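Here are the chains, one letter per residue:
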Amino acid sequence: MHRDRQALRRRALDLALWALICAPVLLNGDGDGPGRWAGSWLGSWWAGAAGAALLGAAVAIGRRRPLTALVVALGLSAVHGSQLITPQYTAALVAFGFLAGRRSTRARPALALFAAVALAGLGVVLVLDRAPWSWFNLVAALLFAVVVPWLLGRFVRQYVELGAAGWRLADRMEREQRAVADRARLRERSRIAGDMHDSLGHELSLIALRAAALEVDRGLDERQRAAARELRQAAGDATARLRDIVGVLRGDDEDAPVTPRDEPVRALVERAGASGLAVTLREEGEDVPLPEMTARAVHRVVQESLTNAAKHAPGAAVAVRVVRGPAEVAITVTNGPAPSPAPSVAAGGTGLVGLHERARLAGGSLAHGPDADGGFAVHARLPATAGAPPAPPPAPTSAREWDLARRRVRRGLRQVIAVPVAVGVVLGVVMLGFDQYSRMRTVVHRASYDAVRVGDPEAYVLARLPGRALPDRPAGLPPEPRDADRCAYYRKDVLWDAPAFRFCFTDGRLSSKSVVRDVPNEEQRAD
C-alpha cells in the first residue's frame, strides 16, 4: 500500500509539472518571437502540440534520466530561438535544470553537457556568420536559465541527504548506546567470573592439595586413604565445572581463550592456514622482543583481520605483512574480493572499533577500508619500544560523517552563490573586452576618410576602410540618400556611434560620403 501511494504521488507530481511547463507552450503558440529558425510552421497549433508531447516524454523519463529530459528542453528552446530564452520553453529549461541537479548523483555529465551547448552555440555563430554578441547572449541564458537552477537543485539534494544522514547517524548512535550497555554487562560478567575463579578456584586447589597429602599418609588405613582420593577427585571435578561456568559468564559471543597469550604471529597464521584460509605471511626486519602491549596488539590485529576476511570474503586470498623497524612495527593485512558473493553475515561493528582502541592504548594507530582492487585492507603502526604515550582517541565515526555531510551542504550553498557570480564576472569582462575590440575595428581615421573620393570603385574604397562596419545604422541619424543602393557606417570615435562616417554606394561606386550627426529634431530623423 505504501509503495502504491508513493507511485500515485509521483504520477500526480509529474502530471502537475507537465501541465505547468506546457502552459507557456500552448499560450504562446503563435511563435512571433524574433529568434525563430524553422519558419512559420513553428507558429502553428501543431507545433505547440508537438512541443507539449515532447515535454511529456521528457517528464516521463525525467526521474530515470534527468539529463536526457534537460537535453529535450534545450533542443526545443534552440529550435524556437537561438538565444535559448523563449516565451514557450524558458519555464521548461528552469524546471528541468533544477530537476537535473536534484536527481543526478554525479556533476561531471551535467558540466560536460553545459560545455557542449556553449561550444555548439559558438560553432553555429561561426558557421552562420552571426554577430558574436549572439553567442554571449546564449551563454548568459544558459547560465541563468539552466546552470543556476541546476546548482540550486544540487544544493537541495545535498540538504536532503544531510537530513537522511542525520537520521542514519541517530539510529547508529542508538545502536552504539546499546552496544555500550552490552559491553558494560559483559565487563560485569567478566568481573564476576574473575572473582569466582580467584576465590573458589583457590579454595578448591587447597582442598585438593590437602586431600592428596592425606591420600599418601601412611598413618591412615586403606579406607581413609580411599576417602581422601575421592575427595581429591571431587575437588578436581569441581574445578573443571568452575572453568565451564567461567566460560559461560564470559559472554554469549566471547569464547574462552584456547590459545596461549604469547602466541607468535607465524603460529597464528599457520593455524589459520591449516583451517582452510588461503593466507601468506611476509615478515621483514629483525625479530626482537616487543613490549607486552605492542605484542598483544600485533596478535590481535592479525587475528581480527583474518577473522573478518574469512567471514566477509570467504575464499579470497589474504596477505599478512609485518615490518619491524627500530622505532615501530607496521602490520598490513589485505584480502582480495570474494570469488563469489559472500552470504549475508550480520556485522557486529565492534571488532574494528576494539582494534582502534587497542592500537591507541599501545601508542599506535590503525586505519582500514576498501582498497583499489575491491578488497579490504587493515594498516596498523605500533611502537617497538615501551613508554610511547597513547594517541588521543579520534572523533567518533558518526561525528565525522555528520561533519562531512554538513561540509558538503555548505560547499553546495557556496557554489550556488559563487559560481553564477564568478561566471557572470568573467563573461562581463570578456564581453567588455570584445566590445572594445569591435569598436576599434569600426573606427575610420580622418586620413582614411580624406583618401577616398566620390566616384571611386566600391572595392577600392572598402580596401582602405576597416574590415568591419557598424552592423546597423546608428539611431538618430538623418535619412540615407534615395539614390544610394546601400550605405556603410563607421565610427569617428571609439566611444560613440555618432557622429559617424557614412559611405553610400550606387552601381558599385562611391556616390557620397559625409559625417552624419544625431539630429535633434525628431521629424528629421530616419524612420
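Residues numbered from 1 in each chain as written. Predicted model: local features only at pLDDT ≥ 70, side-chain atom pairs only at ≥ 80, totals over all residues. Heavy atoms only, no water.

A short note on the overall build of the chain
Right, so step 1: Along the chain, the regular secondary structure elements total 13 helices and eight strands.
Right, so step 2: Looking at the chain residue by residue over its 527 residues, the buried ones come to 31%.
Right, so step 3: Sequence-distant contacts, at least 24 apart, represent 67% of the contacts inside the chain between residues at least 6 apart.
Right, so step 4: Working note: accessible area of the chain is about 32100 Å², and carbon and sulfur atoms make up 59% of it. (Helix = DSSP H or I, 4+ residues; strand = E, 2+ residues; numbered from the N terminus. Buried < 20%, exposed > 50% of the residue type's maximum accessible area, 1.4 Å probe, protein only. Contact = heavy atoms within 4.5 Å. Areas by Shrake-Rupley, 256 points an atom, 1.4 Å probe, with all protein chains shown as cover.)

Structural notes on the packing of helix α3 (residues 66–80) against helix α4 (residues 90–103)
Right, so step 1: Look at α3 against α4: their axes get within 9 Å of each other, and the N-to-C directions meet at 160°. Taken together, the axis directions place α3 and α4 in an arrangement best described as roughly antiparallel. Handedness of the α3/α4 crossing: left-handed. Between α3, through P66, L67, A69, L70, A73, L74 and S77, and α4, the contact on the second element is made entirely by A92, L93, F96, G97, L99, A100 and R103. (Axes fitted to C-alpha atoms, helices over the stretch in contact; angles between N-to-C directions. Parallel < 35°, antiparallel > 145°, perpendicular 65-115°, else oblique. Left-handed = near helix turned anticlockwise from the far one by under 90°.)

Things to note about the nonpolar core
Right, so step 1: Counting 35 residues, the largest nonpolar core has L55, L74, F96 and L142 as its most contacted members.
Right, so step 2: Mapped onto this core, the elements with two or more residues apiece are α1 (2–27), α2 (45–61), α3, α4, α5 (108–128) and α6 (132–215).
Right, so step 3: The element that contributes the greatest number of residues to this core is α6, accounting for nine residues.
Right, so step 4: Every residue in contact with L142, bar those within four places of it in the chain, is listed here: L74, L84, F114, V117, A118 and V147.
Right, so step 5: Grouped together as the second largest cluster of nonpolar side chains are 27 residues, V301, I331, V378 and A384 included. (Core = buried A, V, L, I, M, F, W, Y, C linked by side-chain atoms within 4.5 Å.)

Focus: the state of the cysteines
Right, so step 1: Under the criterion given, the structure shown has one disulfide.
Right, so step 2: Put simply, C487 and C504 are joined by a disulfide, and their sulfur atoms are 2.0 Å apart. Around the S-S axis, the bridge from C487 to C504 shows a dihedral of about 105° and counts as right-handed. With C487 in strand β6 (residues 486–493) and C504 in strand β7 (residues 496–506), this residue pair connects regions lying 17 residues apart in the sequence. Side by side, C487 and C504 carry an identical accessibility label, which is buried. (Disulfide = S-S within 2.5 Å.)

Structural notes on the confidence of the model for the chain
Right, so step 1: Of the residues in the chain, 77% have a pLDDT of 70 or more, and the chain-wide mean is 77.
Right, so step 2: Element-level pLDDT for the chain is lowest in helix α11 (residues 397–441), with a mean of 70, against a maximum mean of 93 in strand β3 (residues 328–335).
Right, so step 3: Confidence drops under pLDDT 50 across residues 30–42; counting only partners more than four residues distant or on other chains, this segment forms 22 contacts.
Right, so step 4: Within the model, the stretch residues 521–527 combines pLDDT values under 50 with 13 contacts to residues more than four positions away or in other chains. (pLDDT = per-residue confidence, 0-100.)

Quick word on the pairing of strand β1 (residues 279–284)
Right, so step 1: Sheet analysis places β1 next to strand β2 (residues 318–324), joined by six bridges and oriented parallel. In the sheet register, L281 faces β2, and the bridge partner there is V320.
Right, so step 2: In terms of handedness, the path from β1 via helix α9 (residues 292–312) over to β2 forms a crossover that is left-handed. (Pairing = 2+ DSSP bridges. Right-handed = clockwise from strand over helix to strand, strands pointing away.)

Some remarks on a positive patch on the surface
Right, so step 1: On the surface, R406, R410, R411 and R414 cluster together into a patch of positive charge.
Right, so step 2: On the secondary structure map, R411 appears in helix α11.
Right, so step 3: Judged by relative accessible area, which is 38%, R411 ranks as partly exposed. (Patch = residues over 30% accessible without salt bridge, like charges linked within 9 Å, V, L, I, M, F, W, Y side chains within 5 Å. Salt bridge = Lys/Arg side-chain N within 4 Å of Asp/Glu carboxyl O. Lys, Arg positive; Asp, Glu negative; His and termini not counted. Charge placed at Lys NZ, Arg CZ, Asp CG, Glu CD.)

Some details on the side chain of S305
Right, so step 1: Tracing the sequence through the fold places S305 in helix α9.
Right, so step 2: Among the polar contacts listed, one links the side chain of S305 to the backbone oxygen of V301, at a separation of 2.7 Å.
Right, so step 3: Not counting residues up to four positions away in its chain, the partners in contact with S305 are V333 and V378. (Polar contact = N/O pair within 3.5 Å; in protein donor to acceptor, adjacent residues only side chain to side chain.)

Some points on unusual backbone geometry
Right, so step 1: In this structure, D507 is a non-glycine residue whose phi angle is positive, near 55°.
Right, so step 2: Relative to the helices and strands, D507 resides in the loop between β7 and β8 (509–516).
Right, so step 3: Taking relative accessible area as the criterion, D507 reaches 70% and is therefore assigned exposed.

Focus on the sheet that holds strand β5 (residues 376–383)
Right, so step 1: Spatially, β1-β2-β3-β5-β4 is the arrangement adopted by the five strands of the open sheet, whose pairing is mixed. With one partner strand each, in any of the chains shown, β1 and β4 (365–370) form the two edges of the open sheet. Between one strand axis and the next, the sheet turns through 10° on average, direction left out of account.
Right, so step 2: In this sheet, β5 lies alongside β4 in antiparallel orientation, the contact comprising six bridges. The residue of β5 that forms the bridge with P370 is F376.
Right, so step 3: Packing against the sheet, helix α8 (residues 265–274) makes contact with β1 and β2, and its axis sits at approximately 165° to β1.

Focus on α8
Right, so step 1: For α8, the complete set of buried residues consists of V265, L268, V269 and A272. Here the buried residues of α8 occupy an arc of 95° about the axis, which is enough to place them on one side. Counted as exposed and oriented over 90 degrees from the buried face of α8: E270 and A274.
Right, so step 2: Turning to α8, the residues buried within the fold contact β1, α9 and β2.
Right, so step 3: Just past α8, the residue G276 takes up positive phi, approximately 110°. (Arc of directions from axis to C-beta.)

Structural notes on the packing of aromatic side chains
Right, so step 1: This structure, assessed with the given rule, holds five aromatic pairs.
Right, so step 2: Ring centres of F114 and W150 lie 5.5 Å apart, and the angle between their planes is 80°; on these two criteria the pair is classed as edge-to-face. Remark: W150 occurs in helix α6 and F114 occurs in helix α5; sequence separation between them is 36 residues. W150 shares its class with F114; the two are buried.
Right, so step 3: Three or more aromatic residues joined by ring pairs make a cluster, and in this case those are Y449, Y490, F501 and F503. (Phe/Tyr/Trp six-rings, centres within 6.5 Å; stacked < 30°, edge-to-face > 60°.)

Some details on the pattern of salt bridges
Any two side chains of opposite charge can pair, on the condition that their charged atoms come close.
Right, so step 1: Under the definition given, this model contains twelve salt bridges.
Right, so step 2: Note that R446 is salt-bridged to D450, the shortest N-O span being 3.6 Å. Placement of the pair is R446 and D450 together in helix α12 (residues 446–451), with a separation of four residues, close to one helical turn.
Right, so step 3: In this structure R446 comes out as partly exposed when scored by relative accessible area, which is 45%.
Right, so step 4: The closest approach of N and O atoms between R486 and E458, which form a salt bridge, is 2.8 Å. Of this pair, R486 sits in strand β6 while E458 sits in helix α13 (residues 458–463), and the two are 28 residues apart along the sequence.
Right, so step 5: In this structure, a network of salt bridges that share partners links the residues R266, E283, D287 and R324.

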